[in-house]
Structures are given as structure tokens and as C-alpha cells.
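Take a look at the letters that make up each chain.
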Amino acid sequence: MSTSAEIIDVPLLIVGGGIAGLATALGLARKGRPAHVIERAPEFGEVGAGIQLAPNAMAVLDSLGVMDAIMKDAVLPQKKRYMDAVTGEEIGTVDLGPEFVEHYGYPYVVTHRADLHGALLEGCRASDLVTLETNREVLRAENLPDGRAKVVCADGTEYVADAVVGADGLRSAIRPLIVEDEPVPSEYVAYRGTVPIEMVPADAVETPMVLCWLGPHMHLIQYPLRGGKLYNNVAVFRSDFYSPDHENWGTEEELDARFGLCCDKVREAGQYLNREIRWPMYDREPVTTWTSGAVSLIGDAAHPMLQYLAQGGAQSLDDSLAMVDALVTEPNVEAAFKTFEARRAPHTGNIQRLARVAGELFHIDGVGRALRNYSFKDHNPTDYENLDWMFMPLSVAGDTRNYPY
Ligand SMILES: Cc1cc2nc3c(=O)[nH]c(=O)nc-3n(C[C@H](O)[C@H](O)[C@H](O)COP(=O)(O)OP(=O)(O)OC[C@H]3O[C@@H](n4cnc5c(N)ncnc54)[C@H](O)[C@@H]3O)c2cc1C
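Basis of the calculations
- Residues numbered from 1 in each chain as written.
- Predicted model: local features only at pLDDT ≥ 70, side-chain atom pairs only at ≥ 80, totals over all residues.
- Heavy atoms only, no water.
- UniProt positions renumbered as here; feature names shortened; annotations may be inferred.
- Phe/Tyr/Trp six-rings, centres within 6.5 Å; stacked < 30°, edge-to-face > 60°.
- Helix = DSSP H or I, 4+ residues; strand = E, 2+ residues; numbered from the N terminus.
- Buried < 20%, exposed > 50% of the residue type's maximum accessible area, 1.4 Å probe, protein only.
- Lys NZ or Arg CZ within 6 Å of the ring centre and 35° of its normal.
- Axes fitted to C-alpha atoms, helices over the stretch in contact; angles between N-to-C directions.
- Parallel < 35°, antiparallel > 145°, perpendicular 65-115°, else oblique.
- Left-handed = near helix turned anticlockwise from the far one by under 90°.
- Contact = heavy atoms within 4.5 Å.
- Near = heavy atom within 4 Å.
- Polar contact = N/O pair within 3.5 Å; in protein donor to acceptor, adjacent residues only side chain to side chain.
- Areas by Shrake-Rupley, 256 points an atom, 1.4 Å probe, with all protein chains shown as cover.
- Nonpolar A, V, L, I, M, F, W, Y, C, P; charged D, E, K, R; others polar.
- Core = buried A, V, L, I, M, F, W, Y, C linked by side-chain atoms within 4.5 Å.

- The name given to the chain in an unreviewed UniProt entry is Salicylate hydroxylase, with the source organism recorded as Rhodococcus rhodochrous J45.
- UniProt lists a comment for the chain under the heading Cofactor (unreviewed entry), and it reads "FAD".

Next comes the structure, spelled out in C-alpha cells:
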């Protein structure tokens, strides 16, 4: 790497130090390739909330050598239980016990985002091949006539690289080079809260599980974290006052009104939420092109999805594996990016689309709600057929997925 006052020349630049950016840097380093990661925040880090990691995500984390670090504080839920948020009755269950682990080769894990991100960061820091820089806000990327690419930062610094990977999330500054589009508001908002387990009634946490309470225009997800010491809560609802012109929608008064119609256990969860921060939910329309010349997108920058299938982070990890495979196999950067995109975009597009449908199903009211509950009831908890296309590790499933919908 040679440095002048304003232009920094690196072989491979990754913009964004989230799950996708760090996993790609670590994956490249493990194959003997250098990676330079720039992040706009003053420190590398993740917000304090939980994340569900399906077996496809765990397989990638294993291949990155960070599985043991993650398992140290992770929780293995024994089931995912869907409940009607109004009546409090069970709708259906997915068994995540030994049969599930045997089927996929990896467990379903819930962990603190800081622990996942910290394990990836630790792995990057331990490698001489990964350079990590903070306080670098990227404004844009462009392709250069010599086949390389340039990235311009808000502080005037410029990077020139053989390859640029845009891992800068939903509002990617790299994406406009490749796709002209905008995030799509779902009109739903999330409130999150992680509390000491002692605050939660003992009977609610006897068996570690992911609880999904589904109700009209709302849902609540709950699960234990940090070896069972913390309890994670994500409350999501549709605002009746959404407007692109102001921020005064999805307020806590609306949250209380929506959750006020639910059963006791769901209403009680209102006290576990951090009311200071609300998270408006957006995705984008799926696209088939993530690549322009020496620049490509990965993770949420490429395929931001609604979180209802809990696969955004997992798909970012699968992307990182496919991206590293492509870059180490194909010497021409543009060809490598095209291979990566062709391998991943059809699959993540299906997940983006299905996540929207899952949201409809979670939040349906009236006759639809009754029909949903009725049809879920017959589901065999150890029948994983409809989950395989999403949960099966990339290395086992390959690129041909049997998309069932
Ligand atoms: C409520 C909620 C619950 C979820 N639950 C799950 C779950 O259970 N399981 C799961 O797998 N997924 C889940 N997801 C999705 C998951 O969080 C995301 O898909 C994942 O974080 C995407 O990672 P990323 O690295 O692509 O993007 P990000 O996490 O957004 O990281 C992007 C990084 O780039 C940096 N950056 C942004 N712009 C710039 C710039 N201009 N210059 C430099 N740096 C920049 C950011 O600071 C950040 O560090 C959930 C999402 C939400 C909202």
C-alpha cells in the first residue's frame, strides 16, 4: 500500500465494517488475500440487540474460524414457537433440537449482535492482511479508465483500488453507481430492548426458545441472550401516520395502543423496550445487477430485506463466502464480481420477496388471521422441507435451490 497526502492505493477496498464487510475481509485474509476496510463510524461496533443465526450463517462463521468465539455466549433455542398475540394461543412450532441440528449440520443460534460483530472484528484484527480504518465516510465510487476504481470520502481522502466491495448497508453510497433506486418504506417500525433475565417471569424462560407473537399489524419476537443472562425483545408495528415528510410516526403512544389490544404476556413486554430509539423498516426491490466494472455490492447494500425471515445477516455471510470464492478463483475482478452476482442475486431476490409475504402473513387480521392459525396448526415441528432452500449451508446446497413458493 502506498500513501500520498490524499490518494491511498490499495489492492482491495471494502466500504463498511458491518457483518458483510468484516466477514469478507476475514474470508479473504484466510485465503492469503489483503483487504482494506473503511468505516464511517468513529469505532467498529454494532447496536445492543440480538440476532438469530440460522444454520447457513453458522456454517459460514465456522469456515471463518469464529464459531467457538460465538458459541461462548450464544444460546441454542430448542424451538421457534409462533403464538397468536391476541389470544395467547400457540399457532405452530419449529423444533430446533437434535433433529434440526442433524438435518442441517449446524444449530440455530441466538446471540448478541455485539458478540457476532466482535468475533469477526477480532478475527480481522488478528490478521496482518486486514487493514481497518474508521472515520472514513464514503460519498461515492467511480470506475477509472484503466479498469481500477476510485472511492471518494467526505474528508477529501480518495482510495484507488483494483476492486471495491460496497458493504455499506441499506443506504449504500456505492449503490448509485450501479442501481438507480431508493429504499422502500414498509410503514412498519421496530422498538428493541434487552433486559436482565431477572426482569422476566421465570416460567417464560424455562426452555430457551424464540417466541414469535403474531397479531394484527404487529408482532413481537423474544429470546434469551448471553448464556441466558439477558432477554431480547423486538416489537414491530405498522404506523397509521407514516409520512415520508416527517419523523413523527411510529411513536411510543402508537406502540402502546397497538400492543394494548394483545394478551397479557405481549402487553408486559412493553416495559422491556428502549423507547428512546425507533427503527423504521425499509427494504428495496430485488435487482439482478450488483456490479459495475471493478465495483460490486454485498449484504444489505445489495439486497436489503425486511427482517421477518431473520435472514439479512445470514445472507450477508453467505455473500461473503461466495464473494471470496469468486475473487480467489477468477483473476479478472469484473468476471469474479459477475460470477458472484450470478450465484447470489436470484436466491437473495427470492428471500427479499418472501420476506414481504412473511410480513403480510405475520400481520394479517380477520378471516386471514383465522386461516393462517388454522393452517399452521397442522405443521409438523420436525418437517424442515420448506426451510431447506434458505437454511441449508451454501457449501451443501450449492447454487441450485428448490425455491418452494
Ligand atoms: C429489527 C431487525 C432485526 C433483524 N434480525 C435479524 C436476524 O435475526 N437474523 C439475521 O440474519 N438478520 C437480521 N436482520 C438483518 C441484519 O441486521 C442485516 O441484514 C445485516 O446487519 C446487514 O449487514 P451489512 O454488513 O450488509 O450492513 P450493515 O449492518 O448496515 O453495515 C453497514 C456498515 O457500513 C457502514 N457505512 C454505511 N454507510 C457508509 C459510508 N457512506 N461510508 C463508510 N461506511 C459506511 C455502517 O456504519 C455499517 O458499519 C435484522 C434487521 C433488523 C432491522
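1. Observations concerning the packing of aromatic side chains
Item 1. Enumeration over the complete set of coordinates arrives at 13 aromatic pairs.
Item 2. Between Phe-100 and Tyr-104, the aromatic rings sit 4.8 Å apart at their centres with planes inclined by 55°, giving tilted as the arrangement. On the criterion of helical spacing, the pair formed by Phe-100 and Tyr-104 is a turn pair, its members being four residues apart in helix α4 (residues 98-104). Grouping residues by exposure puts Phe-100 and Tyr-104 together as buried.
Item 3. Seen in terms of ring centroids, Tyr-108 and Phe-391 are 5.8 Å apart; in terms of plane orientation they differ by 50°. Their pairing is tilted. Of this pair, Tyr-108 sits in the loop between α4 and β7 (109-112) while Phe-391 is found in helix α11 (residues 388-391), placing the two residues 283 residues apart along the sequence.
Item 4. Take Tyr-108: its relative accessible area is 1%, and that puts it in the buried class.
Item 5. A relative accessible area of 5% places Phe-391 in the buried class.
Item 6. Clustering of aromatic rings is evident, with ring pairs tying together Phe-100, Tyr-104, Tyr-108, Tyr-384 and Phe-391.
Item 7. Of note, Arg-171 hangs over the ring of Tyr-282, and the distance from its end group to the ring centre comes to 4.7 Å.
Item 8. The ring of Trp-279 carries the charged tip of Arg-192 above its face, separated from the ring centre by 4.4 Å.

2. Re the packing of helix α8 (residues 312-329) against helix α9 (residues 333-363)
Item 1. Two elements in contact, α8 and α9, have axes separated by 8 Å at closest approach and are oriented at 160°. It follows from the interaxial angle that α8 and α9 lie roughly antiparallel. α8 and α9 meet at a crossing whose hand is right-handed. Residues Gln-315, Asp-318, Asp-319, Ala-322, Met-323, Asp-325, Ala-326 and Leu-327 of α8 form the contact with α9, whose own contacting residues are Ala-336, Phe-337, Thr-339, Phe-340, Arg-343, Arg-344, His-347, Thr-348 and Ile-351.

3. Some words on the site of the ligand
Item 1. Inspection of the region around the ligand gives 29 residues, with Glu-39, Gln-52, Val-138, Asp-300 and Gly-313 positioned closest.
Item 2. At 2.9 Å from a nitrogen atom of the ligand is found a main-chain nitrogen or oxygen belonging to Val-138.
Item 3. For the ligand, an oxygen atom lies 3.0 Å from a polar atom in the backbone of Ala-314.
Item 4. For the ligand, the protein covers 86% of the area, taking 1000 Å² as the surface of the free molecule.
Item 5. Among the elements of the structure, α1 (19-30), β4 (50-53) and α8 are those that each provide at least two residues to the shell around the ligand.
Item 6. Sorting elements by how many residues they give to the shell around the ligand places α8 first, with four residues.
Item 7. Considered class by class, the residues forming the shell around the ligand number ten nonpolar, eleven polar and eight charged.

4. Comments concerning the nonpolar core
Item 1. In this structure, Leu-13, Leu-61, Leu-120 and Val-151 are the most contacted members of the largest nonpolar core, which totals 72 residues.
Item 2. Filtering out sequence-adjacent residues up to four positions away, Leu-61 remains in contact with Leu-53, Val-66, Met-67, Ile-70, Leu-116, Leu-120 and Leu-317.
Item 3. Counting 37 residues, the second-largest nonpolar core is a separate cluster that includes Val-94, Val-110, Leu-309 and Met-390.

5. Concerning the UniProt feature "domain: FAD-binding" (unreviewed entry) in the chain
Item 1. Taking the UniProt record as the reference, the feature "domain: FAD-binding" (unreviewed entry) is found at residues 10-348.
Item 2. As a span, residues 10-348 carries 28% helix and 30% strand, and end to end its C-alpha atoms are 29 Å apart.

6. Brief notes about the packing of α1 against α8
Item 1. Between α1 and α8, the least distance of the axes is 9 Å, while the angle of their chain directions is 35°. In terms of crossing hand, the pair formed by α1 and α8 is right-handed. On α8, the residues that touch Ile-19, Ala-20, Ala-23, Thr-24, Gly-27 and Leu-28 of α1 are Gly-313, Ser-316, Leu-317, Ser-320, Met-323, Val-324 and Leu-327.
Item 2. Of the residues in the contact of α1 with α8, the class split is eight nonpolar, five polar and no charged.

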